[in-house]
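One-letter residues, chain by chain:
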Amino acid sequence: MKRIALVGNGVTGKRIAKRLDLIAPDCDVVVVDPRGTLAEAADCNVAVVANGGPQIGPAAKLLAHGVSVVCTSDDLGDVRALSELHEPAVQHGASVVVGAGMSPGLTGLLARYLVEQLHHCDEIHLAVHGTAGPACARQHHKALAGRAVGVHNGLQIERPAGSGRELCWFPEPVGAYDCYRGELASPMLLHELFPNVHRISARVSANRRDRFTARLPMLSPPHREGGVGAVRVEVRGANSSGERLTLVAGVAELVGTCAAATAAAFTGAIVRGDLDPGVTVAGDDRLNTIGLLREVERLGVRLQEFTGIPHAANPASASTQTMMNGPRHG
Amino acid sequence: MATVNSGIVASTHAPTCAGLVVELSCTGTRHVAIKCLSEHATTMKFIRGAISAILLASAFAAALRVRGTGGTPPQHGGWRPLELPDN
């Protein structure tokens, strides 16, 4: 019987626990307090780290016991530290999945799926709306006050978070929201996965109050859970004939549900032995991206694509939105 | 027939146009409107112009409706479920 440790029991953690039964029906789930020694997780096969704070500490402890780890962290510094666990993970023969939440995580899978449909990809742009539990809301608040990482002309750049407003259209019922650059980890991870892509950006939705108070402490305690969130991934490039294409995919779902489904899908991949030892990032070309996306769908997340206006010249590619002179991203 | 001090004579058997003041001509048989006539003509001209404009706009809209090539609104597009290919 497989033993799976669940570190953190918040909104996302509880949803992961429900989905682990679907991934591995006969598994034994051990809920572990991230503030403790994590000794009870030492004999587990896999640990899903879903606590709100930094996850590098629990992940490193579990890795030292040879336990494979699935991390849902979206904090830039935390993700950067987790990405450096490759050598210890290989030494212990364990897998570490970095960014197994909604973003990074599901966005990486969607980006890989869309990029694979292009002959050449120039740009990847992400937008995220909504939060899961209170820890996620605090992270959202923090993301609007930091330095946003992006890629411009192939070089990693930093811009002030909260700048670069853009109206992003998410799947219904979320619709359109103004989104701004944020201190998000996805561009950094995507730049490693797609080094030839010239532009990568990630934005997060915010209102005027969010931006105005971003550099202040949170004035009111966050909600127990945010409403329906959404994510949108847009890739731009060309097909084999040189025609410019823009492909857009997204999700409108509770953020906690998206993150839980993604984390559970990666946990299933580790349980089945699909992942190599070392650090793996969502969107890695070694992953079975289609299979993982199918698993995410099976776990309750409806994936959607933006089809735009049908292309009269080539009805077969109606699922592909072709936009010329689209809005600039940066 | 009533005589006005100004020398203008109001005809009691003039055409039933309320407030229309007429002048008795030297032949005594011809009535000529001398007042309100210009205002009356302006109003009628405005009404005729408005009716003409409405008719013209209606005809133009009808022509566009019947002959226009705008087509129907898009029947496809927007967000739809992602169809993942087989592995």
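Since the structure is predicted, the reported quantities are computational estimates derived from the model, not experimental observations. Position numbers for residues count from 1 along each chain, tracking the sequence in the order it is written. Labels are handed out in written order, letters beginning with A for the chains and numbers beginning with 1 for the ligands. A pLDDT threshold of at least 70 governs which residues receive local features in this predicted model, and a stricter bar of 80 or more applies before side-chain atom pairs are shown or counted, although totals over entire chains, interfaces and linings include all residues.

### Observations concerning the overall build of chain B
Helical segments are the DSSP runs of H or I of at least four residues, strand segments are the runs of E of at least two, and each set is numbered from the N terminus. Helices and strands together make up the secondary structure of chain B, namely 1 helix and 5 strands. When the helices and strands of chain B are read in sequence order from the N terminus, they spell out β-β-β-β-α-β.

### Brief notes about the domain arrangement of chain A
Residue and element names in this part refer to chain A. We note that the domain assignment places domain 1 (3-101 + 258-295) and domain 2 (106-255 + 301-317) within chain A. One C-alpha centre belongs to domain 1, the other to domain 2; they are set 23 Å apart. Here, residues touch in the contact sense if the C-beta positions derived from the backbone fall within 7 Å of one another. With 22 residues of domain 1 at the interface, the matching set in domain 2 holds 26 residues. Of all the secondary-structure elements, those providing two or more residues to the side of domain 1 that touches domain 2 are α1 (11-23), α3 (76-83), α9 (255-271) and α10 (289-298). Looking at which element gives the most residues to the side of domain 1 that touches domain 2, the answer is α9, with 4 residues. Taken together, the residues that form the side of domain 1 that touches domain 2 break down as 10 nonpolar, 7 polar and 5 charged. Start and end points for every domain follow an automatic or database-based domain assignment. Gly is put with the polar residues, along with every residue not named as nonpolar or charged; the nonpolar set is Ala, Val, Leu, Ile, Met, Phe, Trp, Tyr, Cys and Pro, and the charged set is Asp, Glu, Lys and Arg.

### Overview of the pairing of strand β6 (residues 120-129) of chain A
Residue and element names in this part refer to chain A. Labels follow a simple rule on C-beta atoms placed from the backbone: if 20 or more others lie within 10 Å of a residue's own, it is buried; if 12 or fewer, it is exposed; otherwise it is partly exposed. Where burial is concerned, most of β6 is hidden: 7 out of the 10 residues are buried. Paired strands are those between which DSSP finds at least two bridges. Of the pairings in the sheet, the one linking β6 to strand β11 (residues 199-205) comprises 6 bridges and is parallel in character. Counterpart to Val 128 in the pairing with β11 is Val 204.

### Considering the sheet that holds strand β5 (residues 95-98) of chain A
Sheet strands pair by backbone hydrogen bonding; their relative direction is either parallel or antiparallel. All names here are of chain A. Pairing is parallel across the open sheet formed by 6 strands, whose spatial order is β2-β1-β3-β4-β5-β14. Bordering the open sheet on either side are β2 (28-32) and β14 (278-281), each of which pairs with just one other strand. Going from strand to strand, the sheet's axes swing by 20° on average, the running direction of each strand aside. Sheet analysis places strand β1 (residues 3-7) next to β2, joined by 5 bridges and oriented parallel. Counterpart to Ile 4 in the pairing with β2 is Val 29. The sheet strands contacting helix α2 (residues 56-64) are β1, β3 (46-49), β4 (68-71) and β5, and the helix crosses β4 at an angle near 165°. Axis definition: a line fitted to C-alpha atoms, limited for helices to the stretch in contact. Angles are taken between N-to-C directions and run from 0 to 180 degrees. In the packing of α3 onto the sheet, contacts are made with β4, β5 and β14, and the angle to β5 comes to roughly 155°.

### Examining helix α7 (residues 186-193) of chain A
Looking only at α7 of chain A, the buried set comprises Ser 186, Pro 187, Met 188, Leu 189 and Leu 190 of chain A. Its buried side turned inward, α7 of chain A meets α3, α5 (106-115), β6, β7 (147-152), β11 and β14 of chain A.

### Observations regarding the packing of α5 of chain A against α10 of chain A
Residue and element names in this part refer to chain A. Packing of α5 against α10 leaves a shortest axis separation of 10 Å and a crossing angle of 130°. In terms of orientation, α5 lies oblique with respect to α10. Helix-helix and strand crossings are classified by hand; for α5 and α10 the assignment is left-handed. Of the residues in α10, those touching α5 at Leu 106, Leu 109, Arg 112 and Tyr 113 are Thr 289, Leu 292, Leu 293 and Val 296. The residue inventory of the contact of α5 with α10, partitioned by class, reads 6 nonpolar, 1 polar and 1 charged. When an angle is under 35 degrees it counts as roughly parallel; over 145 it counts as roughly antiparallel; between 65 and 115 it counts as roughly perpendicular; any other value is oblique. By definition, turning the near helix anticlockwise from the far helix through less than a right angle yields a left-handed crossing, and turning it clockwise yields a right-handed one.

### Observations concerning the pairing of strand β10 (residues 176-181) of chain A
By the bridge criterion, 4 bridges tie strand β9 (residues 166-169) of chain A to β10 of chain A in an arrangement that is antiparallel. Residue Leu 167 of chain A lies in a different strand from β10 of chain A, and its bridge partner there is Asp 178 of chain A.

### Let's talk about the packing of α1 of chain A against α9 of chain A
All names here are of chain A. Two numbers describe how α1 lies on α9: the axes approach to 8 Å, and their chain directions differ by 40°. As the angle between them shows, α1 and α9 are arranged oblique. Between α1 and α9 lies a crossing of right-handed hand. Judged by residue contacts, Val 11, Thr 12, Arg 15, Ile 16, Arg 19, Leu 20 and Ile 23 of α1 engage Gly 256, Thr 257, Ala 259, Ala 260, Ala 261, Ala 263, Ala 264, Thr 267, Gly 268 and Val 271 from α9.

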